[in-house]
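Summary of structural features
The primary structure of each chain is shown beneath.
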Amino acid sequence: MKISIITICKNDLEGLRKTSESVNKQSLQDYEWIVIDGGSNDGTAEFLRNSSNNIAFWCSEPDKGIYNAMNKGIAKAHGEYLLFLNSGDALHSVNTLQQAVDFGLNTDIIYGDAWFVKGRKSFKWIYDDDLTMKRLYDYSINHQSTFIRTSLLKGKGYDESYKIAADWKKFVEWMKEKRTFQHLPIIVSDYDTTGISTINEALSYKERDRFFSELYPEEVIDVLKDWRTFQNKPCLLTRQFCEENRLFKRLIRSNLHFISWIRHLF
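So, here's what we can say about the structure. (Residues numbered from 1 in each chain as written. Predicted model: local features only at pLDDT ≥ 70, side-chain atom pairs only at ≥ 80, totals over all residues. Heavy atoms only, no water.)

Here's the deal with the packing of aromatic side chains
- On inspection of all chains with the given rule, the structure shows 17 aromatic pairs.
- With a centroid separation of 5.0 Å and 75° between ring planes, the pair formed by Y137 and F212 is classed as edge-to-face. In this pair, Y137 is assigned in helix 5 (residues 133–138) and F212 in helix 8 (residues 201–215), connecting sequence segments 75 residues apart.
- When its relative accessible area of 0% is taken as the criterion, Y137 is described as buried.
- Owing to a relative accessible area of 0%, F212 belongs among the buried residues under this scheme.
- What links up through ring pairs into an aromatic cluster is the set Y111, F116, F123, W125, Y127, Y139 and Y191.
- A cation over an aromatic ring shows up here: K76 above the ring of F57, its NZ or CZ 4.9 Å from the ring centre.
- Here the guanidinium or amino end of R208 rests over the ring plane of Y137, the centre of that ring lying 4.0 Å away. (Phe/Tyr/Trp six-rings, centres within 6.5 Å; stacked < 30°, edge-to-face > 60°. Helix = DSSP H or I, 4+ residues; strand = E, 2+ residues; numbered from the N terminus. Buried < 20%, exposed > 50% of the residue type's maximum accessible area, 1.4 Å probe, protein only. Lys NZ or Arg CZ within 6 Å of the ring centre and 35° of its normal.)

Here's the deal with empty space enclosed by the protein
- Inspection of the entire model under this criterion finds one cavity of 30 Å³ or more.
- Together, Y127, D128, D130, L131, R135 and Y139 line the largest cavity.
- Here the lining of the largest cavity is built from residues that sort into three nonpolar, no polar and three charged. (1 Å grid on protein atoms, 1.4 Å probe; cavity = no way out; pocket = protein on both sides within 12 Å on 5 of 7 lines; lining within 4 Å. Points joined across faces, edges and corners; volume = space filled by probe spheres on them. Nonpolar A, V, L, I, M, F, W, Y, C, P; charged D, E, K, R; others polar.)

Some thoughts on unusual backbone geometry
- At N11, a residue that is not glycine, the phi angle is positive and equals roughly 50°.
- Positionally, N11 belongs in the loop between strand 1 (3–9) and helix 1 (13–24).
- Note on N11: relative accessible area 39%, which makes it partly exposed.
- A positive phi angle is found at K178, which is not glycine, with a value near 65°.
- Here K178 lies in the loop between helix 6 (166–176) and strand 9 (181–192).

Description of the packing of helix 6 against helix 8
- Between helix 6 and helix 8, whose axes approach to 10 Å, the crossing angle comes to 30°. Judged by the angle between their axes, helix 6 and helix 8 are roughly parallel. Handedness of the crossing formed by helix 6 with helix 8: right-handed. Along the contact surface, helix 6 presents W168, K169, V172, E173 and K176, while helix 8 presents S204, Y205, R208, F211, F212, E214 and L215.
- Within the contact of helix 6 with helix 8, the residues separate by chemical class into six nonpolar, one polar and five charged. (Axes fitted to C-alpha atoms, helices over the stretch in contact; angles between N-to-C directions. Parallel < 35°, antiparallel > 145°, perpendicular 65-115°, else oblique. Left-handed = near helix turned anticlockwise from the far one by under 90°. Contact = heavy atoms within 4.5 Å.)

Notes on the side chain of S145
- Following the sequence through the fold, S145 ends up in the loop between helix 5 and strand 8 (146–149).
- The class of S145 is buried, set by a relative accessible area of 0%.
- A polar atom in the side chain of S145 sits 3.0 Å from the backbone oxygen of D113.
- Dropping the residues within four chain positions of it, S145 is found in contact with L83, I110, Y111, G112, D113, A114, V188 and S189. (Polar contact = N/O pair within 3.5 Å; in protein donor to acceptor, adjacent residues only side chain to side chain.)

Some details on the state of the cysteines
- What the rule picks out here adds up to zero disulfides.
- Counting only cysteine sulfurs, C59 is the nearest neighbor of C9, a cysteine outside any disulfide, at a range of 9.1 Å.
- Owing to a relative accessible area of 8%, C9 belongs among the buried residues under this scheme. (Disulfide = S-S within 2.5 Å.)

Let's talk about the pairing of strand 9
- With nine of its twelve residues buried, strand 9 lies for the most part within the structure.
- Here two bridges tie strand 5 (residues 90–91) to strand 9, and the two strands are oriented antiparallel to one another. Bridge pairing links A90 to D190 in strand 9.
- Bridge count between strand 6 (residues 109–118) and strand 9: nine bridges; the pairing is parallel. Residue D113 lies in a different strand from strand 9, and its bridge partner there is I187. (Pairing = 2+ DSSP bridges.)

Comments concerning the pattern of salt bridges
- Inspection of every chain in the model, using the stated rule, returns 14 salt bridges.
- Where E173 meets K170, a salt bridge forms, and the shortest distance between an N and an O atom there is 3.5 Å. Taken as a pair, E173 and K170 lie in helix 6 at a separation of three residues, close to a single helical turn. Taken as a pair, E173 and K170 share a single burial class, namely buried. (Salt bridge = Lys/Arg side-chain N within 4 Å of Asp/Glu carboxyl O.)

This is the structure:
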């Protein structure tokens, strides 16, 4: 079996119905669907029981957080690759899994594009073919659109001390370990942006800074933070500020030299 789809949920029956419909109507049927519910009280368990013919494994019990639930799903997975599709998310088309298999799932991490959905508003997010550590510092690839070789997580799982950024941490770790990444040039998932990681952006970046400081020297993180801030300033105001503050201008220039050196490491 090529793909194990893992869905975690809690008190989101309508979102789970949406996810279930998108999974069950796939043209490729060689997959397994695993659902880990955190002990919902909104009828989710009854829905899962009635849908058990379409589910390889499901449980409804309290858990210790989203990554504890994902780790439960990983333990039950038999596919060669994992795809994490949370309740409320959906596979973009009926042919999504078939397109992924036809493209060739044979590298460690295959990341596709995503359709970000928030109510009636939505937009497409296209990721770079060339994924760098600098890109991973700025933003993570979309977890719901990424096929991950099961052996990378089996017996290890996600770091449960993180609330919302453990998958981001894993991507950075795998990049550091020189695991193979490949861009899948199709929209894989319709990503529900009302989830916790999108709503609590401040915590997401706080956890980002935590794992980067654990994985890389502190001086490198400082430069990456400074460069992110510098990039986000309007060009005219930045130029005026630099002209009026020669010391800051020299600091920026020295940071740019340092960044060039860092790129050789990454």
